[in-house]
Amino acid sequence: MPVIHETPKHGPIAARSWLFAPGDSEKKMTKAMEGEADIVLIDLEDAVAPDAKAAARPMVHDFIKANPEQRGRLWVRINPLDGPHTLDDLVAIMPARPGGIMLPKVYGRQDVETLDRYLEALEVANGIEQGSTPVIVLITETAEAMFHTGDYKGAPRVVALTWGAEDLADSIGASSNRNADGSYSFTYELARSLTVLGAATAGVTAIETISADFKDLEALKARAEKVRRDGYRGMMAIHPAQVPVINEAFTPTEAEIAEAQEIVDIFAANPGVGAIGWKGGMLDRPYLARAERLLRQAGKL
């Protein structure tokens, strides 16, 4: 079982699979934790009915506290700041020192800054190092948030950005977010593009949204591989069966590593060269940057 160590206060997080588990089911939280997910997202928002949230909070607290060796993997999706549950969520779970927080349905960077103030006070109250609780932000679930996807550079605690299509459709009054062939329509592909651009601007990790059809693993594999090529570094999951597919898709292959190393070695052997011939074509500095990034992702650089 993978163990994610304490996340640094700043910078991107290297985590491929983010598996949701309902916070009102100890059985499902345990099953998620015992699997291969890099991050287990214990959900106090959509997965828990409003009248069950009060009972779920101590369950989540107790579950995290009972598994201290896995604490870095056990993150919590709290309820959004524009509702009545956020502070109750945080007061209940922070004494257990969760590995991180997912903030949904933001309207912009100001919501991250508000969460930072809440977390700072609760860290002090619970003897936790200030600023040490990282955050992943769902930055496209409201129409207003779409205009602020590039505003998270330097935002406190943020280590990753992700997006969602269902709540965005609700926010704009759309009857569907899909084309006739099942693909996302333009607005939602725009949300995906803005998220990866926002993450690159902020210097944090871009995480792809869920694939709701957890039985279609071939479609999941194709999508995960596609978004990885686009710049995403991980993906959310709603079922344990999706996790191995996601982990494999976001892990560089031996062939990719070998090619990247060859490119790095060629430039190292020719210092000061801006472009160099290779396999019948030309390599320039962007190729070197991509090769170095892949080697870092694979832990080879």
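Fair warning: this is a prediction, and the values are worked out from it, not measured in the lab.

Thresholds applied
- Residues numbered from 1 in each chain as written.
- Predicted model: local features only at pLDDT ≥ 70, side-chain atom pairs only at ≥ 80, totals over all residues.
- Heavy atoms only, no water.
- Helix = DSSP H or I, 4+ residues; strand = E, 2+ residues; numbered from the N terminus.
- Contact = heavy atoms within 4.5 Å.
- Areas by Shrake-Rupley, 256 points an atom, 1.4 Å probe, with all protein chains shown as cover.
- Lys, Arg positive; Asp, Glu negative; His and termini not counted.
- Charge placed at Lys NZ, Arg CZ, Asp CG, Glu CD.
- Pairing = 2+ DSSP bridges.
- Axes fitted to C-alpha atoms, helices over the stretch in contact; angles between N-to-C directions.
- UniProt positions renumbered as here; feature names shortened; annotations may be inferred.
- Polar contact = N/O pair within 3.5 Å; in protein donor to acceptor, adjacent residues only side chain to side chain.
- Buried < 20%, exposed > 50% of the residue type's maximum accessible area, 1.4 Å probe, protein only.
- Arc of directions from axis to C-beta.
- Phe/Tyr/Trp six-rings, centres within 6.5 Å; stacked < 30°, edge-to-face > 60°.
- Lys NZ or Arg CZ within 6 Å of the ring centre and 35° of its normal.

Peer 1: Explain the overall build of the protein chain to me, please; I cannot follow it from the model alone.
Peer 2: From N to C terminus, the protein chain includes 10 helices and 10 strands. Looking at the protein chain alone, contacts between residues at least 24 apart form 69% of all its contacts between residues at least 6 apart. When the accessible surface of the protein chain is totalled, it reaches about 13800 Å², and 54% of it is carbon and sulfur. Within the protein chain, one finds 32 positive and 43 negative side-chain charges whose respective centroids are separated by 3 Å.

Peer 1: What exactly am I supposed to notice about the sheet that holds strand β7 (residues 205-208) here?
Peer 2: For sheets, the rule is that strands pair by backbone hydrogen bonds, running either parallel or antiparallel. Overall, parallel pairing links the eight strands, which are arranged β1-β2-β3-β4-β5-β6-β7-β8 in a closed barrel. Between one strand axis and the next, the sheet turns through 25 degrees on average, direction left out of account. Where strand β3 (residues 74-77) meets strand β4 (residues 100-103), three bridges bridge the pair, whose relative direction is parallel. Paired with V76 across the bridge in β4 is I101. Each of β1 (17-22) and β8 (234-237) touches helix α8 (residues 242-249); the most contacted strand, β8, lies at about 175 degrees to it.

Peer 1: Where do I start with the UniProt feature "binding site: substrate" (unreviewed entry) in the protein chain in this structure?
Peer 2: Residues given the UniProt feature "binding site: substrate" (unreviewed entry) here are R77 and E141. These annotated residues cover 65 residues of sequence, but their C-alpha atoms sit close together, with the largest distance between any two at 14.0 Å. Dropping the residues within four chain positions of it, R77 is found in contact with F20, I42, D43, L44, E45, D46, M102, P104 and L138. One polar contact links R77 to D43, side chain to side chain, over a distance of 2.8 Å. Ignoring sequence-local partners within four residues, the contact set of E141 consists of P104, K105, G164, D167, L168 and S171.

Peer 1: Just to check I follow, could you spell out helix α3 (residues 86-93) for this structure?
Peer 2: Every α-helical turn comprises 3.6 residues, leaving residues that sit three or four positions apart pointing alike. Listed in full, the buried residues belonging to α3 are T86, D89, L90 and I93. Viewed end-on, α3 has its buried residues packed into an arc of 90 degrees, placing them on one side of the element. The secondary structure elements touched by the buried residues of α3 are α2 (53-65), β3, β4 and α4 (109-125).

Peer 1: Looking at this model, I keep getting lost on the packing of aromatic side chains. Mind explaining?
Peer 2: Aromatic ring pairs: the centre-centre distance and the angle between the two ring planes describe each pair. Per the counting criterion, the structure on display carries two aromatic pairs. Ring centres of W18 and W75 lie 5.2 Å apart, and the angle between their planes is 80 degrees; this geometry places the pair in the edge-to-face category. Taken together, the residues span a long stretch of sequence, with W18 in strand β1 and W75 in strand β3 at a distance of 57 residues. Owing to a relative accessible area of 0%, W18 belongs among the buried residues under this scheme. Across the ring face of Y184, the terminal group of R178 is positioned such that the distance to the ring centre comes to 3.9 Å. Stacked on the ring of Y287, the Lys or Arg R290 has its end atom at 4.8 Å from the ring centre.

Peer 1: When you look at the UniProt feature "domain: HpcH/HpaI aldolase/citrate lyase" (unreviewed entry) in the protein chain in this model, what are you seeing that I'm missing?
Peer 2: Here, the residues flagged by UniProt with the feature "domain: HpcH/HpaI aldolase/citrate lyase" (unreviewed entry) are residues 16-240. The span residues 16-240 carries 37% helix and 16% strand; its end-to-end C-alpha distance comes to 14 Å.

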